[in-house]
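The lines below spell out each chain.
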Amino acid sequence: MKLAIKIDIDTLKGYLEGLPRLLDILKAHDVRASVFFSMGPDNSGKALRRIFRKGFITKMLRTKAPTAYGLKTLFYGTLLPAPMITASNPDLIKRTINDGHDCGIHSWDHVYWQDNLTKLSRDVIREQLERAFSKFEDYSGFRPDSCAAPGWQVTPESLSVQDELKLSYCSDVRGYSPFMPEMGGKTFKTPQIPSTLPTLDEVLGYVKAEDVSSYYAGLLKDGLNVHTIHTEMEGGLMHWTFSDFLDKCRDMGVEFLTLKEAAEISSFPCCKIEMGEIPGRAGKVAVQL
């Protein structure tokens, strides 16, 4: 069994509070992860427009999102100004790099991408990604070569822009194994390494908190497993479940690697992507067929 930990940073709270906690946990377990940064504004309050989306309110209540994300976060970009995420403390990016983690881009504006991607032109998508890549380079001194789409939202236009950026891999999709993506009648050149396990916000409430680590350990299969975690959840109130999960993985003899390392050793058959529903998540996400 191989396991890659993929960390998504969506909010200011997750960046300033959750990321340092996760870095400490990873260091204590001698595990390197792939970390994806939302570089620009935290407009989390605007996500409340999803309130009419099927399953959204149920998910918010089931996962106790107001507690996990904090009330201020739920008003950023609406009643409160949208703060800049990584500009609040660029040294956290440097620490992540110095700790040996694989680093890439999650977004410039997470909510804007997740809620509007299907309406965005290729030029706007390129501008969003270029802003994020340039800001990361300003802080780190090098340009990242990977990204992971917010909310697993992709379009043929976003995949085309990723090809133009000549990235080594992306992790935009839910699926079962690395592949070359096909969408909208076109095959793209940037490998996809999909998330294979459900996220904590998809299972919490159906699985008791004290059983989460055992639940995830039971999902691991031979070959490559990719587990997406969030700084707001596993880096917040549920951090102890993540630490316990890593302990169980060590006991099982699981081999840890980064997504970048997985990309270097994987083969990539062509597979189609479609937008579909998955259990526990409101709205559609990109799914590997």
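These notes cover the structure that comes with them. Keep in mind that what you see is a predicted model, and the values were worked out from it rather than measured.

This part is about the packing of helix α1 (residues 12–28) against helix α4 (residues 91–98). Packed helices, taken two at a time, are described by their axes: the angle between them and the distance between them. Two elements in contact, α1 and α4, have axes separated by 11 Å at closest approach and are oriented at 15°. Judged by the inter-axis angle, α1 sits roughly parallel to α4. As for how α1 packs across α4, the hand of that crossing is left-handed. In this structure, α1 contributes Tyr15, Leu16, Leu19, Pro20, Leu23 and Asp24 to the contact, and α4 contributes Leu92, Ile93, Arg95 and Thr96.

Before going further, it helps to examine the sheet that holds strand β11 (residues 285–288). Pairing in this open sheet of four strands is mixed, and the strands run β7-β6-β10-β11 from one edge to the other. The open sheet has two edge strands with one neighbour each: β7 (186–187) and β11. Where strand β6 (residues 180–183) and strand β10 (residues 270–276) come together, three bridges link them in parallel fashion. Paired with Met180 across the bridge in β10 is Cys270.

This part covers the packing of aromatic side chains. For the structure on display, the rule yields five aromatic pairs. Ring geometry for Tyr215 versus Tyr216: centroids 5.6 Å apart, planes at 70°, classification edge-to-face. We classify Tyr216 as buried; its relative accessible area is 2%. Looking at Arg174, its charged tip hangs above the ring of Trp152, at a distance of 4.6 Å from the centre.

Core analysis: the biggest nonpolar cluster contains 65 residues, and Phe37, Met39 and Phe242 have the highest contact counts within it. If sequence neighbours within four positions are ignored, Met39 has contacts with Ile85, Thr86, Ile93, Ile105, Ser107, Trp108, Ala132, Lys135, Phe136 and Tyr139. Ranked by size, the runner-up nonpolar core spans 10 residues in total, among them Ala148, Tyr169, Ala262 and Ala263.

With that out of the way, let us pick up helix α6 (residues 122–140). Its 19 residues give α6 an end-to-end C-alpha distance of 27 Å, which sits within 8% of 27 Å, the value for a rise of 1.5 Å per residue. Looking at α6, one finds that the buried residues are Ile125, Gln128, Leu129, Ala132, Phe133, Phe136 and Tyr139. The arc that holds every buried residue of α6, seen down its axis, measures 125°, which confines them to one face. The exposed set on the far side of α6, more than 90 degrees from its buried face, consists of Asp123 and Asp138.

Reading the values: the criteria
Residues numbered from 1 in each chain as written. Predicted model: local features only at pLDDT ≥ 70, side-chain atom pairs only at ≥ 80, totals over all residues. Heavy atoms only, no water. Axes fitted to C-alpha atoms, helices over the stretch in contact; angles between N-to-C directions. Helix = DSSP H or I, 4+ residues; strand = E, 2+ residues; numbered from the N terminus. Parallel < 35°, antiparallel > 145°, perpendicular 65-115°, else oblique. Left-handed = near helix turned anticlockwise from the far one by under 90°. Contact = heavy atoms within 4.5 Å. Pairing = 2+ DSSP bridges. Phe/Tyr/Trp six-rings, centres within 6.5 Å; stacked < 30°, edge-to-face > 60°. Buried < 20%, exposed > 50% of the residue type's maximum accessible area, 1.4 Å probe, protein only. Lys NZ or Arg CZ within 6 Å of the ring centre and 35° of its normal. Core = buried A, V, L, I, M, F, W, Y, C linked by side-chain atoms within 4.5 Å. Expected span 1.5 Å × (residues − 1). Arc of directions from axis to C-beta.

Everything listed here is a matter of geometry and, on its own, says nothing about what the molecule does.
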